[in-house]
Amino acid sequence: MNVIKLEIEKCIKERKYIAPLISIVFFIAISAYFASHDPRGRDYFTYTYYVFILNCRVIFPIIVAIFFTNVLVKEFEKKTARIHFLKPYGREKALLYKYIAGSVIISIIFILTFFVYELILLIVFKIKGLEIFNIYEFSFKEFYLRAYSTLLLQIVFLITFGAMVFIIGIITKKGIITILISLLILISEQRGLFLDIIPKRILFLSTAAKYNYMLQLDKMVYISYLYDLMLNISTLLGFILISFLLIRRIELD
Amino acid sequence: MNSLEVKSVTKIIKNKKILNNISLEANDGQVVGLIGPNGSGKSTLFKVITNIYNPTIGKVFVDNIDLQKEYEKISSEIGFLIEEPSLYENLTGKENLMLISKLYNKFDSNIFEEVCNELEINKFLNVRFNKCSMGMKQKIGIAAAIIHNPKYIILDEPTNSLDAESIIKFKRLIKTLATRGKTIILSSHILSDVEEICDKIYILQNGEIIDCINNQENKHCIQYLIYTEKFNLRIDQIPIIEKDGQKVLIVKEEQLNDILNMLSRNNIRIFKIQEKRNTLQEKFIERIGYNECD
Ligand SMILES: Nc1ncnc2c1ncn2[C@@H]1O[C@H](COP(=O)(O)OP(=O)(O)OP(=O)(O)O)[C@@H](O)[C@H]1O
Ligand SMILES: [Mg+2]
C-alpha cells in the first residue's frame, strides 16, 4: 500500500500526468465546441455520453498508450529500471505496483474528465438554450445506471489496454516502438483485422465502444454487459500474468 | 567464509562472450578493486553481481544466498552505482535519495544526514537531477548507493568527474565504511587510488581475471637496488643487471643485510642504494603486457 502511494507520488512529482491532462483538456474543448453545433439536436445528457464513450475507441486508448509507456518504458530508457525493479519485494510486485499506480492515476483523470466535461456541456447547453434532458425511453434513474455502468466498463477496458501496453513495453523496452505497436493493434482491431484470428466474443478490444448506442436501446442488456466486463477483467489478469513471466526473464539494462 | 562470492560466471550477450569463467570473492570489511582496460568487462561483471544481468553460466552468492534465486532476501543489503547514476531526472537529488531509502524501507534520518555531509551534497540537494553538473550527479549517485545503509557496496568508476578534493574525501569515506564491516567492490582507472584503498585487487582483461593481487602484501613488498662497481662474484638467487658500467643488484628487503655484509667482506664498492616499491601500476603493466610502456 505504502509502495503504491510512493509510486503515485513519483508519477505526480515526475509530472507524468501532464500529457494525458493536456490531451484531455484539448478533447473537452473540441467536444464542447462540437456539442454546441450538434446538427442532430440531441438533448444534453444523451450527447454527453455519446461523445464521451465514443472517444473510448480512439482518443482515450491513445492517451492510455502514451501514459503507460511513459510510466514503464521511461524506466528502461533512463536506466532507472535498475533501482525500480531491484527492490526487496521483487520484480513482479514492482511491476504490479507500478501498474496499479498508473491505473489509479488514469482512472482518476478519466472520472474527472467525465464530470468536468459534463459540467462544461451543461453550461454550453444552458447558454445556447438547448434541451437539457429529454426522457424519451427510460427513466432518469435507469439512465444513470446505464451511464455509470458504461463508464466503469470503459475504465476497465482502458486499464486492460494499459496492461497490454505494459507487455509490449517490457518486450521492446523502447518508448516510440511501444506506442506505435499499441496504436497499430488498436487500428487493426477497428479495421477488423483480428477477427480472422480471434473471435470477437473473446477479444477485449471489441468491447471498447460497444455501448455507445446504449442510450438508444430500449433495454440495456446487462447480461451481455457483465460478460464484457468479465472478459476485460480476465484478459487483464491474463496480461498481468504474462508480464510477470516476462519481467523475471528480461535484463534490466 | 566469503560474504560475496562469484562462482565461475560466464556472460554471453548476443553471441559474444563478455565474461569468461569469472570467480571472485570478497569478505566482510574488505575493499576489493577491479581494474582492467576499457571494454574488459568490469561494468558487465558489476551488473551480474547486482542482478541487473543474469549470468549465462555460474552463480553469484551474497551472504550464501543465491542471488538469482532469492534476490529479494538480500536486495536491501546491496547498493550500487554502475556506469552512470540511475536516478529520476525530474526529481531533485533529495527526492531521489528519499525515494530509494523509502523503497528499501530503510529510511534513517541520521544516515541520510551523515551521507549528505560526507559527500558534501547538501548545497545542491534541492536541484532537479537533470540540472546537476556531472560531478554533482556522480556524488548523488554515490549517495544513492549507500543511503539505505547496505552491507554490500558496488561502485563502478565512482571517482569519475569528481574534483581532487572530493576524491580524497571519497577515499576517506570508503575506508570508514570498510571499518564498519561493509564489503565494497569498486573499479577505477586511477591505479594509485585503487592501490591506496583496496585490500585486494583483481585484474580483468578480455572478460577474464588474469591476476588477483593481495594489496597488503604487495604494499609491503619493497625491493632495493644496490649499485656497485663491477665484480666477478656469483651470488645465487639475486638478479643482477649491468647499467652504465655499474652492476645493479635487485634485493628483497629480508636479503638486504646479508648482501650488504657480503659485499663489504669482498671489498666491493657500493655507489648507492635505492628503494623500489612495487607499485600497482608496474604490476598492472607487467600483467596486461603493454611492452611499449616504460
Ligand atoms: N548490452 C551489450 N550488448 C553487447 N555488448 C555489450 C553490452 N554491454 C557490454 N558489451 C560489451 O562487453 C564488453 C565489456 O563491456 P564493459 O562495459 O563491461 O567494459 P568495462 O570494463 O566496463 O569498460 P570501461 O572501462 O570502458 O567502462 C565490451 O566489449 C562491450 O562492447
Ligand atoms: Mg565500465
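Residues numbered from 1 in each chain as written. Chains lettered and ligands numbered in written order. Predicted model: local features only at pLDDT ≥ 70, side-chain atom pairs only at ≥ 80, totals over all residues. Heavy atoms only, no water.

- Per an unreviewed UniProt entry, chain B is named ABC-2 type transport system ATP-binding protein, and its organism is Caloramator proteoclasticus DSM 10124.
- Under the Sequence similarities (unreviewed entry) heading, UniProt states for chain B: "Belongs to the ABC transporter superfamily." (UniProt positions renumbered as here; feature names shortened; annotations may be inferred.)

- For chain A, an unreviewed UniProt entry supplies the name ABC-2 family transporter protein and the organism Caloramator proteoclasticus DSM 10124.

## Let's talk about the overall build of chain A
Phase 1: Regarding its fold elements, chain A presents nine helices and zero strands.
Phase 2: Seen in sequence order, chain A has helices and strands lined up from the N terminus as α-α-α-α-α-α-α-α-α.
Phase 3: Sorting the 253 residues of chain A into buried and exposed places 55% on the buried side.
Phase 4: In chain A, of all internal contacts separated by at least 6 residues, the share reaching a separation of at least 24 is 83%.
Phase 5: As displayed, chain A offers around 11,800 Å² of accessible surface, 72% of which is attributable to carbon and sulfur atoms. (Helix = DSSP H or I, 4+ residues; strand = E, 2+ residues; numbered from the N terminus. Buried < 20%, exposed > 50% of the residue type's maximum accessible area, 1.4 Å probe, protein only. Contact = heavy atoms within 4.5 Å. Areas by Shrake-Rupley, 256 points an atom, 1.4 Å probe, with all protein chains shown as cover.)

## Side note on the nonpolar core
Residues and elements named next belong to chain B.
Phase 1: Formed by 135 residues in total, the largest nonpolar core has its most connected members in Leu4 and Leu97.
Phase 2: Not counting the four nearest positions on each side in its chain, Leu97 is found in contact with Phe112, Cys116, Ile121, Leu125, Ile140, Ala143, Ala144 and Ile147.
Phase 3: Residues Tyr224, Ile235, Leu249 and Ile268 belong to the second largest nonpolar core, which totals 13 residues. (Core = buried A, V, L, I, M, F, W, Y, C linked by side-chain atoms within 4.5 Å.)

## Quick notes on the sheet that holds strand 9 (residues 200-205) of chain B
Residues and elements named next belong to chain B.
Phase 1: In spatial order, the strands read 6-7-8-3-9-10; together these six strands make up an open sheet with mixed pairing. Pairing within the sheet leaves two strands with one partner each, and these edge strands are strand 6 (78-81) and strand 10 (208-214). Strand after strand, the sheet turns through a mean of 15 degrees between neighbouring axes, direction not considered.
Phase 2: Examined bridge by bridge, strand 3 (residues 31-35) and strand 8 (residues 183-187) share four bridges and lie parallel to one another. Following the sheet pairing, Val31 is matched in strand 8 by Ile184.
Phase 3: Helix 5 (residues 134-146) rests against strand 6 and strand 7 (152-156) of the sheet, and its axis sits at about 165 degrees to strand 6. (Pairing = 2+ DSSP bridges. Axes fitted to C-alpha atoms, helices over the stretch in contact; angles between N-to-C directions.)

## Let's talk about unusual backbone geometry
Residues and elements named next belong to chain B.
Phase 1: In the Ramachandran plot, Ser161 falls in the positive-phi region, its phi being about 55 degrees despite a non-glycine side chain.
Phase 2: The class of Ser161 is partly exposed, set by a relative accessible area of 38%.
Phase 3: One non-glycine residue with positive phi stands out, namely Asn206, at about 50 degrees.
Phase 4: Relative accessible area serves as the criterion here: at 62%, Asn206 is assigned to the exposed category.

## Quick notes on the packing of helix 1 (residues 2-13) of chain A against helix 6 (residues 90-128) of chain A
Residues and elements named next belong to chain A.
Phase 1: Where helix 1 contacts helix 6, the two axes come as close as 9 Å, and the packing angle between them is 60 degrees. Classified by the angle their axes make, helix 1 and helix 6 are oblique. When the axes of helix 1 and helix 6 are compared, the crossing they make is right-handed. In contact with Val3, Ile4, Glu7, Ile8, Lys10 and Cys11 of helix 1, helix 6 contributes Tyr97, Lys98, Ile100, Ala101, Val104 and Ile105.
Phase 2: Residues of the contact of helix 1 with helix 6, tallied by class, amount to nine nonpolar, no polar and three charged. (Parallel < 35°, antiparallel > 145°, perpendicular 65-115°, else oblique. Left-handed = near helix turned anticlockwise from the far one by under 90°. Nonpolar A, V, L, I, M, F, W, Y, C, P; charged D, E, K, R; others polar.)

## Focus: the site of ligand 1
Residues and elements named next belong to chain B.
Phase 1: Taken together, 16 residues lie around ligand 1, and Gly39, Lys42, Ser43, Thr44 and His189 are the ones closest in.
Phase 2: Within the side chain of Lys42, an N or O atom sits 2.7 Å from an oxygen atom of ligand 1.
Phase 3: A distance of 3.0 Å separates an oxygen atom of ligand 1 from a polar atom in the side chain of His189.
Phase 4: In the complex, 67% of the free accessible area of ligand 1, which totals 640 Å², lies under the protein chains.
Phase 5: Considering every element that reaches the shell around ligand 1, the biggest residue donor is helix 1 (residues 42-49), with three residues. (Near = heavy atom within 4 Å. Polar contact = N/O pair within 3.5 Å; in protein donor to acceptor, adjacent residues only side chain to side chain.)

## Observations regarding the packing of aromatic side chains
Pairs of aromatic rings are described using the distance from one ring centre to the other and the angle between the two planes.
Phase 1: According to the stated counting rule, one finds 14 aromatic pairs over all chains in the structure shown.
Phase 2: Relative to Phe161 of chain A, the ring of Phe157 of chain A has its centre 6.3 Å away and its plane inclined at 25 degrees; by these criteria the two rings are stacked. Note that Phe157 of chain A and Phe161 of chain A are positioned in helix 7 (residues 140-172) at a spacing of four residues, about one turn of the helix. Of the two residues, Phe157 of chain A and Phe161 of chain A, both sit in the buried class.
Phase 3: Grouped by ring-pair contacts, the aromatic residues Phe67, Phe68, Tyr99 and Phe166 of chain A constitute a single cluster.
Phase 4: The positively charged end of Lys87 of chain A is found above the aromatic ring belonging to Tyr104 of chain B, 4.5 Å away from the centroid.
Phase 5: Seen from the ring of Tyr227 of chain B, Lys272 of chain B lies directly overhead, with NZ or CZ sitting 4.7 Å from the centre. (Phe/Tyr/Trp six-rings, centres within 6.5 Å; stacked < 30°, edge-to-face > 60°. Lys NZ or Arg CZ within 6 Å of the ring centre and 35° of its normal.)

## Focus on the domain arrangement of chain B
As a measure of interface size, the accessible area lost when the parts come together is often cited.
Phase 1: Along its sequence, chain B is organised into domain 1 (4-215) and domain 2 (222-277).
Phase 2: Here the C-alpha centre of domain 2 of chain B lies 45 Å away from the C-alpha centre of domain 1 of chain B. (Domains from an automatic or database assignment.)

## Notes on the environment of Asp253 of chain A
Phase 1: For Asp253 of chain A, the location among the structural elements is in the segment after helix 9 (222-249).
Phase 2: Relative accessible area serves as the criterion here: at 26%, Asp253 of chain A is assigned to the partly exposed category.
Phase 3: A sequence separation of 112 residues divides Asp253 of chain A from Lys141 of chain A, and the C-alpha atoms of the two residues are 53 Å apart.
Phase 4: If we skip the residues at most four places from it in the chain, Asp253 of chain A touches Lys79, Arg82 and Lys173 of chain A together with Lys47, Ile52, Tyr53 and Glu83 of chain B.

## Focus: the interface of chain B and chain A
Phase 1: Listed as interface residues are 29 residues of chain B and, on the opposing side, 25 residues of chain A.
Phase 2: Counting each side, the surface lost to burial between chain B and chain A is near 2,500 Å², with a carbon and sulfur contribution of 55%.
Phase 3: Seen at the junction of chain B and chain A, the total is four salt bridges.
Phase 4: Of the charged contacts, one joins Glu251 of chain A and Lys11 of chain B as a salt bridge, the two residues approaching to 2.5 Å between their closest N and O atoms.
Phase 5: Our enumeration of links across chain B and chain A arrives at nine residue pairs in polar contact (both at pLDDT 80 or more).
Phase 6: Sorting the residues of the side of chain B that touches chain A by element identifies helix 2 (71-74) and helix 3 (93-103) of chain B as the ones contributing at least two each.
Phase 7: Looking at the side of chain B that touches chain A, the element that brings in the most residues is helix 3 of chain B, giving five residues. (Buried area = accessible area lost by both parts, 1.4 Å probe. Salt bridge = Lys/Arg side-chain N within 4 Å of Asp/Glu carboxyl O.)

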